Amino acid sequence: TELTMFLLCVLFILCGNARSAVEKPGNGIDPISLGGWPQASHLTEASDVILVDEHTFLVKNFVFDGDAPATYFWGFLGDVTDIDNGFQIANENESFGTLPEYTGNKDITIVLPEGRKVSDLTYFGVICKAVNAVFASTEIESSLKIASVASPTLSDYDTPPGDGTRGVDLGKLTGTQHDVGASQVIILNEQTIRLVGFSYDGTAPEVVFVGLTAETGVTGTKLLYQGKTEALGRFRNENLDVTIPDGMTIHDFKRFGVVCYLFRVSFGDISLPTELNVPTQTMMMTIPPGNMMDPLDLGPMGDGSSGNHFTKADMFVIVDQRTIKLVNFVYDGQAPKTRFYGFQTPTVIATGEPFNDETNDDRESIREYTGETITITLPAGKKISDYASFG
């Protein structure tokens, strides 16, 4: 993908035979070393934070124990003690979820949201929103001479109603009360809604995300944020993913909104296109690191729910570096443009490299499976260790 090529170019600049990072304040061409993060809460540390260009940081040997809730990469727009005056930055996998564990065995590339630049920031760091704590931070001095490049496009979304191969951008969510709003509402797939630049002042009781089942009113189903339907706290220009409960899909709703359940009032909602055509939720299996010298059974894949077109397999087996076996694989064959995929990150949905089916057919969409055991062979020149997950 374009993002992958961009990141590879970044790593080549930093680690290959090209220019290395220079000391502050920089020369407007080369990456700039901003210094490391000493070990702090939850083992957070990094050997160096490198400013690659106006949109990109490289965090070297990043460590975090993964045990703190609501912990994110953060761009500060004011004083480092004022977390509310800032915004969340997606991790290296474009995820807005709380940060997982990092063990320091790799460097990670962090790209600012579209429309943001490093020169907008006063600090870059890691924060815990749950307790308003700063775990790590690096000051962005105004005197830095930063390399300027075109802003990369992190995701390529379709316009409504979509063609079924990628997420659909519905545009802006305009709120009516309590500072509710979002710059973008993106339907990533049948069970995931992404909000970009979401805000809410957090002062109203029992406010939740809701899938609304009628053109008017607030009747509907509470949706999940971070796996829960609890009342929302305060958000200020943040990016987050909202999940539709199992057994339902985006097609069960007419609108998506932010609703005060106690007083049955919508603080802001957006209509969903009748013919919305987005990817189904991808059934992914994370592939562990290693040499894969022996066959490896990773267990069952998928839950077989109707919302996911009954997709499941009793066993997902890595036979060797080029071969995957699905035992008792089931799929109803009804979703458009559905294929087997290998993903270079464990969380990015509807991107990656397609694989041919068990007959080596590169058909646009795979057929119905009713419990067969099938063997998928990777393309020539590819191997299992090139991927982080399969779906």
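Every chain begins its residue count from 1, and numbering advances along the sequence as written. Per-residue local features of the predicted model are confined to residues with pLDDT of at least 70, and side-chain atom pairs are confined, for both listing and counting, to 80 or more; whole-chain, interface and lining totals are unaffected and use all residues. The side-chain numbers reported here are obtained from all heavy atoms of the structure, hydrogens and water having been left aside.

Trainee: I'd like a rundown of the overall build of the protein, residues and numbers included.
Mentor: Of the regular secondary structure elements, the protein holds one helix and 29 strands. Buried residues in the protein amount to 47% of all 391 residues. Of the contacts formed within the protein by residues at least 6 apart in sequence, a portion of 59% connects residues at least 24 apart. In this description, accessible areas are obtained by the Shrake-Rupley approach with a 1.4 Å probe, and a residue is regarded as covered only by the protein chains that are shown. Here the protein displays about 17500 Å² of accessible surface, and carbon together with sulfur accounts for 49% of that area. Every helix listed is a DSSP run of H or I at least four residues long, and every strand listed is a run of E at least two residues long, numbered separately from the N terminus. Here the term buried applies to any residue with accessible area under 20% of the maximum for its type, exposed to any over 50%, and partly exposed to those in between, with areas from a 1.4 Å probe on protein chains only. In what follows, residue pairs with any heavy atoms lying within 4.5 Å of each other are defined as contacts.

Trainee: Explain the nonpolar core to me, using residue names and the numbers behind them.
Mentor: Among buried residues, the Ala, Val, Leu, Ile, Met, Phe, Trp, Tyr and Cys ones that are joined through side-chain atoms within 4.5 Å form a nonpolar core. Counting 39 residues, the largest nonpolar core has Ile193, Leu195, Phe198, Tyr200, Phe209 and Phe256 as its most contacted members. The set of elements that each furnish at least two residues to this core consists of β5 (71-76), β9 (123-128), β14 (184-189), β15 (192-200), β16 (207-212), β19 (235-243), β20 (255-260) and β21 (265-271). In this view, Phe198 contacts Val180, Gly181, Ala182, Phe209, Phe235, Arg236, Asn237, Glu238, Leu240 and Val258; residues no more than four positions away in its chain are not counted.

Trainee: How would you explain the environment of Glu141 if you had to name every residue and give the values?
Mentor: Position of Glu141 among the secondary structure elements: in the loop between β10 (133-139) and β11 (168-169). Its relative accessible area of 29% is what places Glu141 among the partly exposed residues. For the pair Glu141 and Ser119, spaced 22 residues apart in sequence, the C-alpha to C-alpha distance is 8.5 Å.

Trainee: Explain the sheet that holds strand β1 (residues 32-33) to me, and be specific about the residues and the numbers.
Mentor: At least two bridges found by DSSP between two strands are what make those strands a pair. Taken together, the four strands give an open sheet; going across it, the order is β1-β2-β3-β8, and neighbouring strands pair in antiparallel fashion. Of all the strands in the sheet, the pair left with one neighbour each is β1 and β8 (108-111). Taken together, the two bridges between β1 and strand β2 (residues 48-53) define a ladder with antiparallel strand orientation. Bridged to Ile32 within β2 is Leu51.

Trainee: So what about the side chain of Thr338? Which residues, and what values?
Mentor: Considering the arrangement of structural elements, one finds Thr338 in the loop between β25 (323-331) and β26 (340-343). When neighbours within four sequence positions are excluded, Thr338 is seen to be in contact with Tyr331, Glu364, Ser365 and Ile366.

Trainee: I'd like to hear about the sheet that holds β20, residue by residue, with values.
Mentor: Strand order in the open sheet formed by four strands is β17-β16-β20-β21, and the pairing between neighbours is antiparallel. Whereas interior strands pair on both sides, the edge strands pair on one side only; in this sheet they are β17 (220-222) and β21. Each neighbouring strand pair of the sheet contributes to a mean axis angle of 30 degrees, computed without reference to strand direction. The sheet contact formed by β16 and β17 spans three bridges and is antiparallel. Pairing of Val210 across the sheet is with Lys222, part of β17. Only the contacting stretch of a helix is used when fitting its axis, a line to C-alpha atoms as for every element, and angles between N-to-C directions run 0 to 180 degrees.

Trainee: Kindly report on the packing of aromatic side chains, identifying the contributing residues and their values.
Mentor: Geometry of aromatic contacts follows a simple scheme: Phe, Tyr and Trp rings, the Trp one being its six-membered ring, pair when their centres are within 6.5 Å, and the pair is stacked under 30 degrees between planes, edge-to-face over 60, tilted otherwise. Within this structure, the stated rule accounts for 18 aromatic pairs. On the basis of an interplanar angle of 35 degrees and a centroid distance of 5.8 Å, the ring pair of Trp37 and Phe124 is categorised as tilted. Taken together, the residues span a long stretch of sequence, with Trp37 in the loop between β1 and β2 and Phe124 in strand β9 at a distance of 87 residues. Ring centres of Phe209 and Tyr225 lie 6.4 Å apart, and the angle between their planes is 75 degrees; on these two criteria the pair is classed as edge-to-face. Of this pair, Phe209 sits in strand β16 while Tyr225 sits in strand β18 (residues 224-225), and the two are 16 residues apart along the sequence. Like Tyr225, Phe209 is buried. Three or more aromatic residues joined by ring pairs form one cluster here, namely Trp37, Phe57, Phe62, Phe73, Tyr102 and Phe124. When the NZ atom of lysine or the CZ atom of arginine is within 6 Å of a ring's centre and also within 35 degrees of its normal, the charge is said to sit over that ring. The aromatic ring of Phe87 is capped on one face by Arg116, whose charged end is 4.2 Å from the ring centroid. Over the ring of Tyr261 we find Lys222; its NZ or CZ atom is 4.7 Å from the centre of that ring.

Trainee: How would you explain the pattern of salt bridges if you had to name every residue and give the values?
Mentor: For this analysis, a salt bridge means a side-chain nitrogen from Lys or Arg found within 4 Å of a carboxyl oxygen belonging to Asp or Glu. Overall, the coordinates contain nine salt bridges when judged by the stated rule. Of the charged contacts, one joins Glu358 and Arg367 as a salt bridge, the two residues approaching to 2.9 Å between their closest N and O atoms. When its relative accessible area of 25% is taken as the criterion, Glu358 is described as partly exposed. Here Arg367 makes a salt bridge to Glu372, at a shortest N to O gap of 3.1 Å. Of the residues examined, Arg367 reaches a relative accessible area of 29% and is grouped as partly exposed. One salt-bridge network, in which partners are shared between bridges, spans Asp84, Lys129 and Arg234.

Spatial relationships are all this shows, so hold off on functional conclusions.
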